[in-house]
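Fold and geometry: a report
Listed here are the chains, written in short residue letters.
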Amino acid sequence: MPLKDTVMSAVMLPGGPEDAELHRLNQEGALPQRRVVHREDKPGLPLCRKVCYAVGGIPYHMTGNALGFFLQIFLLDVVQLEPFHASLIIFLGRAWDAVTDPAIGFLVSKSPRRKCGKLVPWIACSMPFGVLCYCMMWFTLSDATPTSLKFLWYLFMYSFFRTCMTCHHVPYSSLTMFLGGSRRDRDSATAYRMGMEVFSMLLGSGIQGQIVGRYHARMMNGCYMSNETLPNTSTYSLTDSLENTRRAYVFASLVLGSIYCLSCLILIFGVREQPGLLSPLGKVELPFASCLRMIVGHKPYTQLLCGFLFASLAFQITQGIFAFFCTHAAGLAGKFQHLVLIMLVTASLSIPFWQWFLGRFGKKTAASLGLALIIPALVAIIQVTHNFLAFVFLVIIAGCSMAVLYLLPWSMLPDTVDDFMLRNPSCLNLEALFYSFYVFFNKFAGGLAVGISTLSLHFAGYRSGDCTYNPSIILTLQLLMAPVPISLLLVAIIIFCLHPIDEERRKQMRIEIEAMGVKDVPWDCLTKPAVGCWDALPSATTLLSALLPRFTNKQMPLSIEEMLRLLRV
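Note that this is a predicted model, so its numbers are computed, not measured. (Residues numbered from 1 in each chain as written. Predicted model: local features only at pLDDT ≥ 70, side-chain atom pairs only at ≥ 80, totals over all residues. Heavy atoms only, no water.)

In terms of regular secondary structure, the protein chain is built from 22 helices and zero strands. Relative to its full complement of 569 residues, the protein chain shows a buried share of 56%. A separation threshold of at least 6 residues defines the contact pool for the protein chain, and within that pool the share at least 24 residues apart is 84%. (Helix = DSSP H or I, 4+ residues; strand = E, 2+ residues; numbered from the N terminus. Buried < 20%, exposed > 50% of the residue type's maximum accessible area, 1.4 Å probe, protein only. Contact = heavy atoms within 4.5 Å.)

Inspection of every chain in the model, using the stated rule, returns seven cavities of 30 Å³ or more. Lining the largest cavity are 19 residues; nearest its centre among them are H61, Q316, Q319, Y406 and N442. Mapped onto the lining of the largest cavity, the elements with two or more residues apiece are α4 (58–78), α11 (299–329), α15 (388–423) and α16 (431–460). In the lining of the largest cavity, the residues fall into eight nonpolar, eight polar and three charged. (1 Å grid on protein atoms, 1.4 Å probe; cavity = no way out; pocket = protein on both sides within 12 Å on 5 of 7 lines; lining within 4 Å. Points joined across faces, edges and corners; volume = space filled by probe spheres on them. Nonpolar A, V, L, I, M, F, W, Y, C, P; charged D, E, K, R; others polar.)

This next bit is on the nonpolar core. Ranked by size, the top nonpolar core spans 152 residues in total, and within it F74, L75, W138, F322 and F325 carry the most contacts. Leave out the neighbours within four places in its chain, and L75 touches Q80, L81, A86, I89, I90 and Y154. (Core = buried A, V, L, I, M, F, W, Y, C linked by side-chain atoms within 4.5 Å.)

Before going further, it helps to spend a moment on the state of the cysteines. A full pass over the atoms with the stated rule returns zero disulfides. Free of any disulfide, C261 has its nearest cysteine sulfur in C264, 7.1 Å distant. We classify C261 as partly exposed; its relative accessible area is 29%. (Disulfide = S-S within 2.5 Å.)

This brings us to the pattern of salt bridges. This model, assessed by the stated rule, comprises eight salt bridges. Here R246 and D143 are joined by a salt bridge, their closest N and O atoms 2.9 Å apart. Residue R246 is located in helix α9 (residues 231–270), and its partner D143 is located in the loop between α6 (120–137) and α7 (147–174); the two are separated by 103 residues in the primary sequence. Residue D415 pairs with K363 through a salt bridge whose shortest N-O separation is 2.7 Å. Here D415 is found in helix α15, whereas its partner K363 is found in helix α13 (residues 363–372), with 52 residues between them in sequence. K363 matches D415 in its accessibility class, with the two residues each being buried. The network of salt bridges with common partners includes K363, D415, E503 and R506. (Salt bridge = Lys/Arg side-chain N within 4 Å of Asp/Glu carboxyl O.)

Turning next to unusual backbone geometry. For Q80, which is not glycine, the phi dihedral falls at a positive 65°. Inspection of the secondary structure puts Q80 in the loop between α4 and α5 (83–110). Its relative accessible area of 42% is what places Q80 among the partly exposed residues. Not every positive phi belongs to a glycine, and H386 is a case in point at roughly 55°. You can see H386 is positioned in the loop between α14 (374–381) and α15.

Glancing now at the packing of α11 against α15. At a minimum axis distance of 11 Å, the contact between α11 and α15 shows a crossing angle of 155°. Relative to α15, the element α11 lies roughly antiparallel. The handedness of the crossing between α11 and α15 is left-handed. Counting all contacts with α11, which are made through P300, Y301, L304, F308, A311, S312, F315, F322 and F325, the residues of α15 involved are F391, V395, S401, M402, L405, P409, W410, M412, L413, T416 and D419. Here the residues of the contact of α11 with α15 are counted per class, giving 16 nonpolar, three polar and one charged. (Axes fitted to C-alpha atoms, helices over the stretch in contact; angles between N-to-C directions. Parallel < 35°, antiparallel > 145°, perpendicular 65-115°, else oblique. Left-handed = near helix turned anticlockwise from the far one by under 90°.)

Once that is clear, we can look at a nonpolar patch on the surface. A surface patch of nonpolar side chains, about 260 Å² in accessible area, is lined by L47, V51 and Y192. Relative accessible area serves as the criterion here: at 34%, V51 is assigned to the partly exposed category. (Patch = residues over 30% accessible without salt bridge, like charges linked within 9 Å, V, L, I, M, F, W, Y side chains within 5 Å. Areas by Shrake-Rupley, 256 points an atom, 1.4 Å probe, with all protein chains shown as cover.)

The subject of this paragraph is the environment of T365. The topology assignment puts T365 in helix α13. Put simply, T365 and C497 are 132 residues apart on the chain and 7.6 Å apart in space, counted from C-alpha to C-alpha.

Attention now goes to the side chain of T346. Tracing the chain through its elements places T346 in helix α12 (residues 336–361). Discounting residues that sit within four places of it in the chain, T346 has contacts with I396, G399 and C400.

Now for the packing of aromatic side chains. Going through the model one piece at a time under the given rule, you end up with 15 aromatic pairs. A ring pair is formed by F74 and W138, whose centres lie 5.0 Å apart and whose planes are at 70°; its orientation type is edge-to-face. Placement of the pair is F74 in helix α4 and W138 in the loop between α6 and α7, with a sequence separation of 64 residues. Take F74 and W138: they sit in the same class, and that class is buried. For the pair F353 and F357, a centre-to-centre distance of 5.9 Å together with 40° between the ring planes defines the contact as tilted. Of this pair, F353 and F357 both sit in helix α12, separated by four residues, roughly a single helical turn. Given the relative accessible area of 41%, F353 is considered partly exposed. (Phe/Tyr/Trp six-rings, centres within 6.5 Å; stacked < 30°, edge-to-face > 60°.)

Here the focus is the packing of α11 against helix α17 (residues 471–481). Two packed helices can be described by the angle between their axes and the distance between those axes. At a minimum axis separation of 9 Å, α11 and α17 run at an interaxial angle of 145°. Note that α11 runs across α17; the crossing there is left-handed. Taken together, the residues of α17 that come into contact with α11 (itself represented by I317, T318, I321, F322, F324, F325, H328 and A329) are I474, L477, Q478, L480 and M481. Partitioned by chemical class, the residues of the contact of α11 with α17 number 10 nonpolar, three polar and no charged.

Here the protein chain averages 74 in pLDDT, while 73% of its residues score no lower than 70. In this model residues 1–42 is a low-confidence stretch, pLDDT under 50, and it forms 74 contacts with partners more than four residues away in sequence or in other chains. Note that residues 230–236 has pLDDT below 50 and, in this model, two contacts with residues that lie over four places away or in other chains. (pLDDT = per-residue confidence, 0-100.)

In this section: the environment of Q210. Among the secondary structure elements, Q210 is positioned in helix α8 (residues 183–226). Judged by relative accessible area, Q210 falls into the partly exposed class, the value being 32%.

Let us now look at the environment of L304. Within the fold, L304 resides in helix α11. Taking relative accessible area as the criterion, L304 reaches 0% and is therefore assigned buried. Separated by 195 residues in the primary sequence, L304 and H499 place their C-alpha atoms 6.9 Å from one another.

Within the element layout of this structure, T140 appears in the loop between α6 and α7. The buried category is assigned to T140, whose relative accessible area is 13%. Not counting residues up to four positions away in its chain, the partners in contact with T140 are F74, V78, V79, Y154 and R246.

Right under this line is the structure:
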C-alpha cells in the first residue's frame, strides 16, 4: 500500500491521541529508541504449548531431586566410600557444574537461530548423553575395584551428567522469554512449569524412594540384628541386602532415564520458539566480559541472586540430610521415602494457591511469608522422634514452603530481565546469560549444601556400615536440620524484602513494554523495495500526530530527511 494512502486512511482509525502521546514520549527520550508502535491483537498462549513447555522441565528436577535425596546415602551406604571421598565427588561435580553454567549460557547466546530454533537444538543434542550418564552413575562397581578408581568413575559420571543437564536446563529456562503471548501468558506458563517441576520431583523421589527405600530398611534391620545373631548369619544377611539394594538403584535409574527421554521429545515437538517483546532471538555481539560486567552491575538482579542463593542453600542442606536424619536420628529408617512423597505432593498442590497469592498480595510478600512458613516446622522436626504422624504434619508445612522456593524466584526473574532490557535497550539477547547465572547460583548452593553436610558427618565420626550409636552424629544431624537452614532463610527473607522491583515498578514496566510494540524498524525497508516492508513502519496515526500540527500552525511540512528520521524512530 502506498504511504500516501496509508496516511489518508488513518483519519478513520481510532487511537490517534494514544499514538501521539507515545510519539511524544519517544521524542522526549522516555522510551528506548529504535522502537516503533505496532499494535497487534496477539492470541493468547495455547494451553497445549504451556503443557508441552512445562513437561520439558521434568528431566532436570526429577533427576536433580533424586540425586539430592539419594546420592549421598548411595555413595556412603551402597558404594561404601568414605565420607571425605563422597563429599569430594559431590562438591567437585557441583563446582564443575556451576562453572559450566555461564560458559554454556554464553555459547547459547552466541549460537545462531536455525530452522528448528536457537534453544531447542541444545536440548535435543544433550538428551542421549544425559540419559546414558545418569544410568551409569547409579551402577555400582565391584567391591574389588580400588577406591581411587571408584572415586574417578563416580566423579567423571557425575560431572559429565551435570554438564549434559546444563546444556538442557539453561536453554530450557531461557525459553520462557520466547513462548509468545502476553506477560500474563508468560507468568501462567511459569506457573505451569513450576507445578510440573514439583510434580517431577515427586516422580524422582517417589519412584526412586519406593524402589530403594525398602532395601535401605532391610539393611538397617540387618544392622540391628547383627548385635543379636551369629556373626556369619548377620554378614550373609547384610551382603544379600546390599546386592539387592544395588540392583534396585540400577532399575530405578532406568525408569527415570526413560521418563527423561520422553519428556524431552514432548518439549522438542510441542514448542516452537518465538521472539519476545524485548528479545529478538539474535546473536550476542558483545564480548563475554562486557556482558558479565553489565549483568552483575544490575542491582535488582544481583539482589535476587543473593536471596535465591541463601534460600536455595537452606533448602538443599535440609534436602540432602533428610534421609540421613530420618534413618539415624528420627528412628524412621523405612518410612523416609513416604515422608518425601507427602512433602512433594503438598508442594505440587500448593502451587496454584501461591500463584493466586502473589497475584493478590505481590511477589515480595509471597516470598517472605512462604519462606518463613518452614521455620517452625524445622524447629519441631528435631524435637520429635519415632512419631510418623507428627512428621507427616510437619512435612506438609515444609512442602507448602518448598513450593514458594520453586515458584517465586523464577517468577521474579523475568521481571528483572525486563527491567534490565528497558534500562539498557542496546543490550539484547542476553536472556540465556541471565538464566545461566541463576542456575549457576542454584547449583553452587547445592554443592555447598552437600559439601557442608557430608564434611560435617566426616568430622563427627561417621563410618560407612557402622551400626553403633554415636551421639555426636545425632547432634550434627540436628544442627544441620534446623539451626543452620533457619539462619540462612532469615538472611534470604531480608534480601527479598529489600528487592527494588515491587508492584509499582512492575506496572510501570508493563506500560512501557506495551507502548514500545513488538518490532524493530528494519532500515533496509526504507531503502530497498520489498513486499511487507510497510508492516514494520509506524502506524498512520503516529505520522499524522507529527504532520497535522505543522499544517495547523502553518509551518512547513516535514522534509524528506525528517520523514526518514521519524520512520527510523
